[in-house]
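# Inside the fold
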Amino acid sequence: MNFLKSNNQEILIENADITLFMKREDLLHPIISGNKYRKLKYNLAQAKNKKKDILLTFGGAFSNHILAVAAAGNEHHFKTIGVIRGEELRFQIENNATLKKAQELGMVFEFVTREIYKGKENQEFLNQLKEKFGDFYLLPEGGTNYLAVKGCEEILNKDDVQFDYICCAVGTGGTISGIINCSQNSQQVLGFPALKGDFLRKDICKFATKCNWDLILTYHFGGYAKVSPALITFINEFYRKYSIRLDPVYTGKMMFGIFDLIEKNYFPKYSKILVIHTGGLQGIIGMNKALKQKKQLEISVDD
């Protein structure tokens, strides 16, 4: 994939107690940004090696992964199929910025009920999809597999060995697994899940090769699509102060948590912290639409 912009670090906090840097993975590509770029890199190469010209994957109404796959397919001449959770969404494409953009990039949708979607890994269902769409290369929901983890192992480089803590948001566990694998044994990797519950530990253990990590489970705000006025206020204030946008599902919650932990003296004195900006900013449009309907505070998008 092209447009690989240097994932530069930006310093956010520097004082006598804490140094906090952000690695701008969101700048890697205008659409296939952050961890999605990393996760797709080796999967696209594998699809080409297997002479597959169709990519099929799964996602919800505002999935970063769905849009990234559509963009990658458009850029690298793959046909793309998106199996979308929620049959009613077939009538809402024009009002859904994520699905509309994915469609403009050439993605064909297969809308299914939530009950059918639960069985997305069943071989019978996959066989039905192959009968309908042809011999595709399968990308799992969220894009996490061994090749995705391999791509995420390239997030850290030799310049990052100076940090004591590496922090990232967690969705399906692929990104943090790659970061764990390429981290130094002396570093502590902290993941901030966007979902409630501790079940992700088992998924991460499938891919992670080290034990120098932990999950911070208290900053999910209720789950993927759940936010609060406090979170939105934090995202807006963060942008005003640092001129860096955060999304409300992943990076916003992670940064809220990190700043809260700093205030609570979670990190030892003189700690050097690196946070990974994994992108996902396209989701702001959909979130703002939902917030507007509820007459709640919206995320600032003014430059």
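Relevant structure appears above.
## Some words on helix H10 (residues 251-263)
Structurally, the α-helix is built with 3.6 residues per turn, so residues lying three or four positions apart point the same way. With 13 residues, H10 extends 18 Å from end C-alpha to end C-alpha; this agrees with the ideal 18 Å at 1.5 Å per step. Across the 13 residues that make up H10, a large majority, eleven, are buried. Listed in full, the buried residues belonging to H10 are Thr-251, Gly-252, Lys-253, Met-254, Met-255, Gly-257, Ile-258, Phe-259, Asp-260, Leu-261 and Ile-262. Among the structural elements, strand S1 (9-14), strand S2 (18-23), strand S7 (165-170), strand S8 (188-193), helix H9 (229-242) and strand S10 (271-276) are those in contact with the buried residues of H10. Residue Asn-265 follows H10 closely and has a positive phi angle near 60 degrees.

## Structural notes on the sheet that holds strand S9 (residues 213-215)
Taken in spatial order, the six strands make up an open sheet running S1-S2-S10-S7-S8-S9, and their pairing is mixed. The open sheet has two edge strands, S1 and S9, and neither has a second partner. Taken pair by pair, the neighbouring strands of this sheet meet at an average axis angle of 25 degrees, ignoring direction. In this structure, S1 lies alongside S2, joined through five bridges in antiparallel fashion. In the sheet register, Glu-14 faces S2, and the bridge partner there is Thr-19. Seen against the sheet, helix H7 (residues 174-182) touches S7, S8, S9 and S10 and runs at an angle of roughly 175 degrees to S8. Sitting on the sheet, H10 is in contact with S1, S2, S7, S8 and S10, with an inclination near 170 degrees to S2.

## Examining the sheet that holds strand S3 (residues 54-59)
Judged by pairing direction, the sheet is parallel, and its four strands sit side by side in the order S5-S4-S3-S6 without closing on themselves. Looking at which strands have only one partner, the edges of the open sheet turn out to be strand S5 (108-112) and strand S6 (137-138). Where strand S4 (residues 79-85) meets S5, five bridges bridge the pair, whose relative direction is parallel. If you follow Gly-82 over to S5, its bridge partner there is Phe-109. This element, helix H5 (residues 123-133), spans S3, S4, S5 and S6 of the sheet and lies at about 135 degrees to S3.

## Observations regarding the side chain of Glu-25
Relative to the helices and strands, Glu-25 resides in the loop between S2 and helix H1 (34-49). Exposure remark for Glu-25: the relative accessible area of 1% places this residue in the buried category. Separated by 2.7 Å, the side chains of Glu-25 and Arg-38 make a polar contact.

## Description of the packing of aromatic side chains
The tally for this structure, following the rule as stated, stands at 16 aromatic pairs. Ring geometry for Phe-58 and Tyr-117: centres 6.2 Å apart, planes at 80 degrees, overall edge-to-face. With Phe-58 in strand S3 and Tyr-117 in helix H4 (residues 114-118), this pair connects stretches of sequence that are 59 residues apart. Here Phe-58 and Tyr-117 have matching classes, each one buried. Aromatic side chains Phe-234 and Phe-256 sit 5.5 Å apart centroid to centroid with 75 degrees between the ring planes, which places their arrangement in the edge-to-face category. With Phe-234 in helix H9 and Phe-256 in helix H10, this residue pair connects regions lying 22 residues apart in the sequence. Judged by its relative accessible area of 22%, Phe-256 is partly exposed. An aromatic cluster of at least three residues, connected via ring pairs, comprises Phe-192, Tyr-219, Phe-221, Phe-234, Phe-238, Tyr-242, Phe-256 and Phe-259.

Reading the values: rules and limits
Residues numbered from 1 in each chain as written. Predicted model: local features only at pLDDT ≥ 70, side-chain atom pairs only at ≥ 80, totals over all residues. Heavy atoms only, no water. Helix = DSSP H or I, 4+ residues; strand = E, 2+ residues; numbered from the N terminus. Expected span 1.5 Å × (residues − 1). Buried < 20%, exposed > 50% of the residue type's maximum accessible area, 1.4 Å probe, protein only. Contact = heavy atoms within 4.5 Å. Pairing = 2+ DSSP bridges. Axes fitted to C-alpha atoms, helices over the stretch in contact; angles between N-to-C directions. Polar contact = N/O pair within 3.5 Å; in protein donor to acceptor, adjacent residues only side chain to side chain. Phe/Tyr/Trp six-rings, centres within 6.5 Å; stacked < 30°, edge-to-face > 60°.

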